[in-house]
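Notes for the structure review
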Amino acid sequence: MSIKVECVIKEKNAIGEGPVWEEKDETLLYVDISGQKIHRWNPATNQIQTMTTGEPITNKFVGCAVPRRSGGYVIGEGTRFAAVDWASQTITTIAHIDADKPNNRFNDGKVDPAGRLFAGTMALEERPAVLEPKQGSLFSLHTDLSVVKHFSQVDISNGLDWSLDHRTFYYIDSLTYTVEAFDYDINTGALSNWRMVYRLEQDEGVPDGMCIDSDGRLWVACYNGGRVIHIDPHTGVRLQTVKLPVQKTTSCCFGGRNYSDLYVTSAYLGMDESDLAKQPQAGCVFKVTGLGAKGIPTNSFAG
Ligand code: BGC
Ligand code: CA
């Protein structure tokens, strides 16, 4: 089977991000961070449902949205974790973070195999990837709704996922140009024993969102790299590069029947007229098939 890349969602996102496959509805959940929107796309009908988050205040952006076991979603928005009731389109604060850094905002987040939501922050950007360094932190929201701050000094908190045995946490702080790993304690959510597992090559761009596959290997979307790279975190070897027709590829997740389709989000924010003319699909969502790899079911927040 050969690899095929299709543009499946033609509605453009300023910063399309955080794709999540919702198995029960067979829909793809994703956000437009600076567009301040949560979208749900149904591949069978090609319909998109959209909810606008927050007020249009700079840096009250929605960094991530994840399904909640009891219904609705949890989002990392601005400097708060909040609950979303999709039916009534209402948002309720769960917890505030980074109280001393009002210009920070949540970026990428994901639910661990025990139902905790991990999400990190970053400073307000002057333009994409240009910002005051070391302002971000990594947080987790536990099922009792308490918040833990794991570490600070992060530039752009980004992709994250867990190994299949739940003993390793993979993490990207974009401006380090690396993929990192920590030992993970699934019973407590604690991180220890940091190490680097992969350093991006110059032409690969900036590491952004990522996901794990059913072989325990990582797929990393490379912002400004127009690609997703497939890496083996055990050997640090890049196994494959999948090129996309847009440069600002932001994140990826497996979905569809059997989790064999790789969905890839993208952004157009920060592109000038000439870039936009060359990349008319910037901001769209793509589907990659024929990879011969599969994802694993999505975790939902259990609080
Ligand atoms: C952030 C963007 C940032 C990009 C590049 C994304 O995860 O949401 O604001 O420009 O990463 O690092
Ligand atoms: Ca991201």
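Residues numbered from 1 in each chain as written. Chains lettered and ligands numbered in written order. Predicted model: local features only at pLDDT ≥ 70, side-chain atom pairs only at ≥ 80, totals over all residues. Heavy atoms only, no water.

Some words on the overall build of the chain
Helix and strand content of the chain: one helix and 26 strands. Rg of the C-alpha trace for the chain: 17 Å, near the compact-globule value of 19 Å for 303 residues, within the 12% margin. Overall, the C-alpha framework of the chain stretches about 45 × 40 × 40 Å when taken along its three principal axes. Counting only residues that meet the buried cut, the chain has 55% of its 303 residues in that class. By sequence separation, contacts in the chain at least 24 residues apart represent 49% of the contacts at least 6 residues apart. Surface summary for the chain: the accessible area is close to 12600 Å², and the carbon and sulfur share equals 47%. The positive charge centre, built from 29 side chains, and the negative charge centre, built from 37, are 2 Å apart in the chain. (Helix = DSSP H or I, 4+ residues; strand = E, 2+ residues; numbered from the N terminus. Rg over C-alpha atoms; globule rule 2.2 N^0.38 Å. Buried < 20%, exposed > 50% of the residue type's maximum accessible area, 1.4 Å probe, protein only. Contact = heavy atoms within 4.5 Å. Areas by Shrake-Rupley, 256 points an atom, 1.4 Å probe, with all protein chains shown as cover. Lys, Arg positive; Asp, Glu negative; His and termini not counted. Charge placed at Lys NZ, Arg CZ, Asp CG, Glu CD.)

What to know about the state of the cysteines
Evaluation of the coordinates by the stated rule reveals zero disulfides. For Cys-64, which is in no disulfide, the shortest distance to another cysteine sulfur is to Cys-253 and amounts to 14 Å. Not engaged in a disulfide, the cysteine Cys-211 finds its nearest cysteine sulfur in Cys-252; these two sulfurs lie 4.0 Å apart. (Disulfide = S-S within 2.5 Å.)

Overview of the sheet that holds strand S10 (residues 105–111)
One key point about sheets: their strands pair by backbone hydrogen bonds, in either a parallel or an antiparallel sense. Ordered in space as S10-S11-S14-S15, the four strands form an open sheet in which the pairing is antiparallel. In this open sheet, the two strands that pair with only one neighbour each are S10 and strand S15 (147–154). Direction aside, neighbouring strands of the sheet carry axes that sit 20 degrees apart on average. Pairing of S10 with strand S11 (residues 117–122), which is carried by five bridges, proceeds in the antiparallel orientation. Paired with Gly-109 across the strands is Ala-119, a residue of S11. (Pairing = 2+ DSSP bridges. Axes fitted to C-alpha atoms, helices over the stretch in contact; angles between N-to-C directions.)

Looking at the pattern of salt bridges
Taken as a whole and judged by the stated rule, the model has 16 salt bridges. The partner of Arg-105 in a salt bridge is Glu-125, and the shortest N-O contact between them spans 3.6 Å. With a gap of 20 residues between them, Arg-105 in strand S10 and Glu-125 in strand S12 (residues 125–127) connect regions that are remote in the sequence. Exposure remark for Arg-105: the relative accessible area of 3% places this residue in the buried category. Measuring nitrogen to oxygen at the nearest pair gives 2.5 Å for the salt bridge that ties Arg-238 to Glu-204. (Salt bridge = Lys/Arg side-chain N within 4 Å of Asp/Glu carboxyl O.)

As for the coordination of the calcium ion (ligand 2)
Bound to the calcium ion (ligand 2) are the protein donor atoms Glu-17 (OE), Glu-17 (OE), Asn-158 (OD1) and Asp-208 (OD), situated 2.2 to 3.0 Å from the metal. Along the chain, the residues donating to the calcium ion (ligand 2) fall in the pattern E-x140-N-x49-D. Within this pair, whereas Glu-17 is found in strand S2 (residues 16–22), its partner Asn-158 is found in strand S16 (residues 157–162), the two being separated by 141 residues in sequence. A relative accessible area of 3% places Glu-17 in the buried class. By relative accessible area, Asn-158 is classed as buried at 3%. (Donors = N, O, S within 2.8 Å, 3.2 Å for Na, K, Ca; no water.)

What to know about the site of ligand 1
Neighbouring ligand 1 are 14 residues; Arg-105, Asn-107, Glu-125, Asn-158 and Asp-208 lie closest to it. Take Glu-125: an N or O atom from its side chain is 2.5 Å from an oxygen atom of ligand 1. Separating an oxygen atom of ligand 1 from a side-chain N or O atom of Asp-208 is a distance of 3.1 Å. Compared with its free state, where it exposes 310 Å², ligand 1 has 99% of that area covered by protein. Of the residues in the shell around ligand 1, the class split is seven nonpolar, three polar and four charged. (Near = heavy atom within 4 Å. Polar contact = N/O pair within 3.5 Å; in protein donor to acceptor, adjacent residues only side chain to side chain. Nonpolar A, V, L, I, M, F, W, Y, C, P; charged D, E, K, R; others polar.)

A closer look at unusual backbone geometry
Phi is positive for Asp-98, which is not a glycine, with a value near 50 degrees. Looking at where Asp-98 falls in the secondary structure, it is placed in the loop between strand S9 (90–96) and S10. Residue Asp-98 is classed as buried on the basis of its relative accessible area, which comes to 6%.

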